[in-house]
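Tertiary structure, described
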Amino acid sequence: MNKSEILANYDNYVIPNYSRHPFVIARGDGVHLWDTDGKRYLDLFSGWAVSSLGHCHPVVTKAMQEQAATLVHVPNIFYSEPQGRLAKYISGNSFQGQCFFCNSGAEANEAAIKLARIHSSKKGKYKIITMKDSFHGRTLATVTATAQPKYHNGFAPLIEGFAYVSFNNLKEIEDAIDDKTCGIMLEPIQGEGGINVADKEYMKGLRKICDDNDILLILDEVQCGMGRTGKYFAYQHYDITPDIMTLAKSLGNGTAVGAMETSKEIAGSLVPGSHASTFGGNPLACAASAAVFEVIESEGLLDNATKMGNYSFEQIRNISKELDVIKEVRGIGLMIGVELKIPAAEVVKRCMEKGLLLNCTHDTVIRIMPQLNITKEYIDQGLFILKDILKTVN
Ligand SMILES: *Cc1c(COP(=O)(O)O)cnc(C)c1O
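Residues numbered from 1 in each chain as written. Predicted model: local features only at pLDDT ≥ 70, side-chain atom pairs only at ≥ 80, totals over all residues. Heavy atoms only, no water.

Tallying secondary structure elements over the protein chain gives 13 helices and 17 strands in all. The C-alpha atoms of the protein chain give 21 Å as radius of gyration, which agrees with the globular expectation for 394 residues (21 Å, within 12%). Taken along its principal axes, the extent of the C-alpha atoms in the protein chain is 60 × 50 × 45 Å. With an accessible surface of roughly 17,700 Å², the protein chain has 53% of that area assigned to carbon and sulfur atoms. Looking at the protein chain, you have 40 positive and 45 negative side-chain charges, and the mean spots of the two groups are 1 Å apart. (Helix = DSSP H or I, 4+ residues; strand = E, 2+ residues; numbered from the N terminus. Rg over C-alpha atoms; globule rule 2.2 N^0.38 Å. Areas by Shrake-Rupley, 256 points an atom, 1.4 Å probe, with all protein chains shown as cover. Lys, Arg positive; Asp, Glu negative; His and termini not counted. Charge placed at Lys NZ, Arg CZ, Asp CG, Glu CD.)

Now for the site of the ligand. Looking at the ligand, the residues that line it are Ser 104, Gly 105, Ala 106, Asn 109, Phe 135, His 136, Gly 137, Glu 187, Asp 220, Val 222, Gln 223 and Lys 249. Separating an oxygen atom of the ligand from a backbone N or O atom of Gly 105 is a distance of 2.8 Å. In isolation the ligand has 380 Å² of accessible area, and contact with the protein removes 82% of it. Of the residues contributing to the shell around the ligand, the split by class is three nonpolar, six polar and three charged. (Near = heavy atom within 4 Å. Polar contact = N/O pair within 3.5 Å; in protein donor to acceptor, adjacent residues only side chain to side chain. Nonpolar A, V, L, I, M, F, W, Y, C, P; charged D, E, K, R; others polar.)

This next bit is on the layout of surface pockets. Estimated volume of the second largest pocket: approximately 810 Å³. Around the second largest pocket, the lining is made up of 33 residues, and of these Asn 76, Gln 83, Cys 99, Phe 100 and Phe 101 lie nearest the centre. Of all elements in the fold, only helix 4 (81–92), strand 4 (98–102) and strand 12 (258–262) reach the threshold of two or more residues within the lining of the second largest pocket. A per-class count over the lining of the second largest pocket returns 18 nonpolar, 15 polar and no charged. (1 Å grid on protein atoms, 1.4 Å probe; cavity = no way out; pocket = protein on both sides within 12 Å on 5 of 7 lines; lining within 4 Å. Points joined across faces, edges and corners; volume = space filled by probe spheres on them.)

Throughout the structure, instances matching the rule amount to nine aromatic pairs. For the pair Tyr 89 and Phe 293, a centre-to-centre distance of 5.4 Å together with 5 degrees between the ring planes defines the contact as stacked. One end of the pair, Tyr 89, is in helix 4; the other, Phe 293, is in helix 10 (residues 283–298), with 204 residues separating them in the sequence. Tyr 89 sits in the partly exposed class, given a relative accessible area of 24%. A ring pair is formed by Phe 95 and Tyr 235, whose centres lie 6.1 Å apart and whose planes are at 70 degrees; its orientation type is edge-to-face. (Phe/Tyr/Trp six-rings, centres within 6.5 Å; stacked < 30°, edge-to-face > 60°. Buried < 20%, exposed > 50% of the residue type's maximum accessible area, 1.4 Å probe, protein only.)

This paragraph deals with empty space enclosed by the protein. Under the defined criterion, the tally for this structure stands at one cavity of 30 Å³ or more. Of the voids in this model, the largest cavity is the one considered here, and its volume is about 40 Å³. Lining the largest cavity, in full, are Leu 44, Ser 312, Ile 316, Ile 336, Ile 368, Pro 370, Ile 379 and Leu 383. If you list the elements that add at least two residues to the lining of the largest cavity, you get helix 11 (301–322) and helix 13 (376–393). A class-by-class count of the residues in the lining of the largest cavity yields seven nonpolar, one polar and no charged.

As a further point, take the UniProt feature "modified residue: N6-(pyridoxal phosphate)lysine" (unreviewed entry) in the protein chain. When the UniProt feature table is mapped onto this chain numbering, "modified residue: N6-(pyridoxal phosphate)lysine" (unreviewed entry) sits at Lys 249. Residue position: Lys 249 is located in the loop between strand 11 (244–247) and strand 12. Setting aside anything within four residues of it in sequence, one finds Lys 249 in contact with Trp 48, Ala 49, Val 50, Val 222 and Gln 223. (UniProt positions renumbered as here; feature names shortened; annotations may be inferred. Contact = heavy atoms within 4.5 Å.)

Tallying each qualifying case throughout the model produces 19 salt bridges. With a closest N to O distance of 3.3 Å, Lys 62 and Glu 66 form a salt bridge. Here Glu 66 and Lys 62 lie together in helix 3 (residues 58–68), a separation of four residues that amounts to about one turn. Between Asp 303 and Lys 307 there is a salt bridge, and its shortest N-O distance comes to 2.9 Å. Of this pair, Asp 303 and Lys 307 both sit in helix 11, separated by four residues, roughly a single helical turn. Look at the salt bridges and you will find they share partners, linking Lys 327, Glu 328, Arg 330 and Glu 339 into a network. (Salt bridge = Lys/Arg side-chain N within 4 Å of Asp/Glu carboxyl O.)

Spatially, seven strands are ordered 4-12-11-10-7-5-6 in an open sheet, and the strand pairing comes out mixed. Lying at the two open borders of the sheet, with one neighbouring strand each, are strand 4 and strand 6 (162–165). Adjacent strand axes in the sheet meet at a mean angle of 20 degrees, parallel and antiparallel pairs treated alike. As judged from the four bridges shared by strand 7 (residues 181–186) and strand 10 (residues 216–220), these two strands associate in the parallel manner. Bridge pairing in strand 10 places Ile 184 opposite Leu 217. Here helix 4 sits on the sheet and contacts strand 4, strand 11 and strand 12; the angle it forms with strand 4, its principal contact strand, is near 125 degrees. Where helix 8 (residues 200–213) meets the sheet, its contacts fall on strand 5 (127–131), strand 7 and strand 10, and the angle it forms with strand 7 comes to roughly 165 degrees. (Pairing = 2+ DSSP bridges. Axes fitted to C-alpha atoms, helices over the stretch in contact; angles between N-to-C directions.)

Laid out in structure tokens, this is it:
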């Protein structure tokens with residue numbers, strides 16, 4: 001099928017709820033993507049941090065091929081080896097909890113919200129506090145949890161029982177808590193909000209407030225988890241442990257998969273029949289995700305994310321000294337936000353024309369999230385293009 005036929009299929013048969021760039025991506029390999037015109041793109045965004053081992057990593061591909069030829073799906077009335085193996089990886093690299101599997105970030109957060117409520121239902125608590133500029137997904141409950149009005153428009157009435165406070169502000173949390181509050185939910189690093197990093201004292205303060213008030217601390221690590229910050233999970237930079245953590249995006253390096261982990265004690269509240277997902281934890285997704293953990297270990301990618309993150313920040317800060325248009329550089333590891341003094345969409349578009357994939361978030365922030373096994377060579381290539389374009393708008 002040629003490009004115009006493919007675009008025509010979308011025009012005719014696909015709901016236009018995305019604004020798409022007019023390229024048809026045909027193939028990916030490592031840090032590169034190719035479109036149907038044969039143009040190559042250097043991908044330093046990894047599709048919202050999903051393809052965090054690069055496109056079509058051979059170990060993940062092999063795990064999927066073997067699993068696809070063995071067993072793709074069994075319902076959760078049975079056991080299968082990959083689901084248990086993946087749960088053990090998540091648990092062993094975090095806080096020794098137990099996992100529920102689903103198929104996306106929104107579903108993982110939906111599960112977290114439901115768990116917080118059912119766990120607290122005997123105490124009559126149901127309210128959840130979330131942060132302004134957060135992003136938790138597009139189902140009705142998770143979009144309600146997402147405290148950004150632009151995601152709410154047209155979907156009223158939203159779900160009851162959510163309250164919004166400013167990120168990194170403990171005082172507002174204290175004021176917002178009442179005897180019905182069962183959870184505080186946040187991203188340790190806000191992704192869609194513009195790469196906003198939680199302060200250390202703030203996270204510790206939240207943990208204490210939750211402990212003192214019998215409230216569950218829910219961390220959404222859908223974007224910042226799985227090695228992105230140089231540790232498996234972003235909360236591990238803070239010397240605290242959440243009660244519930246959610247994962248998705250890079251968990252399966254592109255395979256649709258989501259997970260919610262919680263302590264064994266809290267997990268007991270999700271009794272049989274209370275929550276479920278038909279596809280959740282299927283052998284194919286879990287085999288791919290388990291392979292992701294194996295590659296992170298075998299290739300030393302936490303270490304690489306730290307090193308390449310430091311290198312990137314150093315290089316970008318050098319650029320920012322030369323270019324007045326850069327307002328601030330933020331993030332941890334390979335989760336990088338470059339805030340401009342002007343809207344960033346046009347810059348990102350021009351990078352794309354030059355064959356570099358980045359993203360614009362929160363209007364003025366260029367978001368850079370390379371694969372965890374990125375090398376200096378590709379960071380340099382990408383920043384060379386970015387700098388060139390920033391010069392023209394400086
Ligand atoms: C992308 C994202 C979600 C939603 O994930 P989906 O898979 O699109 O449902 C939730 N939380 C955060 C922090 C995200 O970045």
